[in-house]
Structures are given as structure tokens and as C-alpha cells.
Amino acid sequence: MRNLPLLFSLLFCISAYGQSRPNVIIVMADDMGWSDIGCYGSEIETPNLDRLSKNGLRFTQFYNTGRCCPTRASLLTGTYPHQAGIGHMMNDTGLPGYKGDLGSDVQTIAEVLKPAKYSTYLSGKWHVTPKIHPGSSQHNWPRQRGFDRFYGTIHGAGSFFDPNSLTRQNTLISPYADPEYQPKEFFYTDAINDHATRFITEHKGNNPFFLYIAHTAPHWPMHALPEDIEKYKGRYDEGWEVIRAARYQRQLEMGLIDPKWKLSPRDAEPWSEAKNKEWEIRLMEVYAAMVDRLDQGLGRVIEALEKDAVYGKGISRAAPQGTPMILLQVFLPGPDVKRLADLSNNQ
């Protein structure tokens, strides 16, 4: 599969606890295209990410491996996926670069930061080892790869209402039998953001923290909450051609792309020939709702930073203290959004 551009945005500095080393937060969304949030031309409502973009930087050219686990392996280790042992997916082909399990000869960013006395937290999807079943080796689980605290899934995909391989620290758990987290209604995107918020508020001491918020959304299955879906009712009735043209125009107006880069050829049938329009419309509505919910939860993360005086008002205020925070927003595009805005051929 050819490489797809990776939206790698919103790098900015903010004040933090009074130490010279920055706190670092990386947020990752799975199978989301770079035009799927408002500050990159989307009709999907993402006010929290838009706010970060307004006060930060938007990057417009980056590349990933086009799949979940190789990209995550690269992001975690700073190496090419084949060097990390995950050149394709979680199956072992017998070749060195295709073991399907994160290599012991590479270090994760959490392992690298430990000697610098960072506290290291991970909330969300791991997906760099096939060892997901009870009794399997946990040598490549987050706690054994540098993370002090972990809540999330070891496996790559599953229900947002009852995710498989859900784990707290090193213990597989059920969301419905977890005494530490009992929301009114369990939804995995909320759980990831809620635990990220918890890790921030429970961080103690003067040492900095590294927090990796690794979302599954909006990766399949297409699961969203009714109230979020309702917000987008009717918004996609005109079909994907109208939506992608509108996004392209907004990106031109935002200066995100060069006008000489024309809209890439459509990779699906014309909307007029779509056989299951109601189904396709519903898919787009649910997809938008998944992205919207992710943004809502990140708003709570930002609130936690503000409440604990970790979040500053910009580089100018952080600079005198010499205590920046680096927040990286990472989105992994995938096939789910190509009908809406596949601009990758021209990047």
C-alpha cells in the first residue's frame, strides 16, 4: 500500500509545573483523513482541535505507512516500521522486518524518556503485538515497554461499547466489571479521553510527564452515540462529491494547499450511481459523529491541563519561565474517508 500523508499538527509551547523539561502529549486518531477536522477544512464540528490550531501550528506535509500498527510502531520508536519488526500487520512472515511484534532491539519513546525521569502514561490503543489473549506473553505490553500507567486495548480494533483486550496496567478487564471506571454509559472514545484526563490530574511531583493518547476512533466498526449522530442528520444527503469539493475549496481558502494541486480523481462511483444511498449517508453521519466525540473528549483533556495550570496561553507567556509543553496532534488517515476527501495523490 502506498504511503498516505500524515497530519502532524498543533505543535505548541505552554507553561508547565516549573521544570525546564517539557511535558509532552501526543494524540493520535486512527483512520482519519487530514481534512476531517474543522481547521483543515472539514464540516465536522471540532472546536477544541480548531482552538489548538488557532494558537499553534498546522503542518501540511507528513507521511505514514498507511496502516495502523506499522505507523504506531514508527511513532513509538522513531524508526521505520520494518526496523521495529512490524513491516505489515501482526502476522509473522518469518522475515526480519515482518515479525509482527515490536522488536526488542528498538526502544519506545517511553523507554527513552525514563532515564530523564519522565512519568509515562498511555491511554488507548496499543496494537504493536499479537499477544492479546489471557496467558499470552506480556513482554511487549505497554507496562513492559516503558509506560508507568496504561489503560486501553492491546488489540487493533473492536466494539466501542465492549472493546476486546481492554486492559488496565497488565490485567485484562471488562468495561462492565471495572470498579475503577463506571460511567453511565461506556463508550471507548470517552474512556480513553477520561483516563487521559485522570492521568493528568493525578500526576504528582516535579518531574514532567509524557502522555500518549492513542485513539481507535474513527477506525471501524462505525459506532457512535445517538446524540452525536443526530447532529449530522441530513448533512451528507447531497453525497460525497459535494462534500469533498466543499472541503477542497475551504482548504484552498485556508492556504493549506497550492491552487495548482487539483482535486484528485474520484475513487468511487458517482453519487448519482450509488446503489445504497441511505446506507452511505448513514455511514458518513456516524463517521462524523465519531470524530465529533473524539474532539469533545479532548476538550476535557484541555480543561484538565488548564485547571492544573499546565496549559499556558501561548509561547510568549511560557517563554519567560522556560517551561514549555509540547502537544502533538497526530491523525492517521485510512480508507474510510477517501470518498470524502482523497487529496493524497497530489501531496
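For the structure, see preceding data.
Conventions used here
- Residue positions are given per chain, counting from 1 as you read along its sequence in written order.
- With the structure being a predicted model, the display of local features is reserved for residues of pLDDT at least 70 and the display and counting of side-chain atom pairs for 80 or more, all residues being used for whole-chain, interface and lining totals.
- Side-chain measures were taken over the full set of non-hydrogen atoms in the model, leaving aside hydrogen atoms and water.
- Each helix is a run of DSSP H or I of at least 4 residues and each strand a run of E of at least 2, with the numbering of both proceeding from the N terminus.
- Take the number of residues in a helix, subtract one, and multiply by 1.5 Å to get its expected span.
- For every residue, the accessible area obtained with a 1.4 Å probe (protein chains only) is divided by the maximum for its type, and the residue is called buried under 20%, exposed over 50%, and partly exposed between those limits.
- The criterion used for residue contact is that any of the two residues' heavy atoms lie within 4.5 Å.
- Strands qualify as paired when DSSP identifies two bridges or more between them.

## Quick look at helix H4 (residues 188–201)
Right, so step 1: Look at H4: 20 Å from first C-alpha to last across 14 residues, which is about the 20 Å you get at 1.5 Å a residue.
Right, so step 2: By the criterion of burial, H4 is predominantly enclosed, with eleven of the 14 residues buried.
Right, so step 3: Within H4 the residues assigned to the buried category are Tyr188, Thr189, Asp190, Ala191, Ile192, Asn193, His195, Ala196, Thr197, Phe199 and Ile200.
Right, so step 4: Residues of H4 that are buried sit in contact with strand E2 (23–30), strand E3 (119–125), strand E4 (149–153), strand E5 (166–168), strand E7 (209–214) and helix H7 (277–307).

## Some points on the pairing of E3
Right, so step 1: Across the seven residues that make up E3, a large majority, seven, are buried.
Right, so step 2: Summarising the sheet, E3 and E7 pair through six bridges and their orientation is parallel. From the neighbouring strand, Leu122 faces E7, where its bridge partner is Tyr212.

## Observations concerning the pairing of E4
Right, so step 1: The buried fraction of E4 amounts to four of the five residues, a majority that puts the element mostly inside the structure.
Right, so step 2: Note: E3 against E4, five bridges, orientation parallel. Bridge pairing in E4 places Tyr121 opposite Arg149.
Right, so step 3: Sheet topology places E4 next to E5; three bridges connect them, and they run antiparallel. Counterpart to Thr153 in the pairing with E5 is Leu166.

## Here we look at unusual backbone geometry
Right, so step 1: Backbone torsion omega between Ala217 and Pro218 reads -5 degrees, so that peptide bond is classified as cis.
Right, so step 2: Here Pro218 lies in the loop between E7 and helix H5 (226–231).
Right, so step 3: Between Trp220 and Pro221 the backbone carries a cis peptide bond, its omega angle lying at 0 degrees.
Right, so step 4: In this fold, Pro221 is placed in the loop between E7 and H5.
Right, so step 5: Its identity as a non-glycine residue notwithstanding, His127 has a phi of 55 degrees, on the positive side.
Right, so step 6: Secondary-structure assignment places His127 in the loop between E3 and E4.
Right, so step 7: Despite not being glycine, Ser165 shows a phi value in the positive range, around 65 degrees.
Right, so step 8: Take Ser165: it is sitting in the loop between E4 and E5.
Right, so step 9: For Ser165, a relative accessible area of 11% puts it in the buried group.

Remember, this is a structural readout, not a statement about activity or role.
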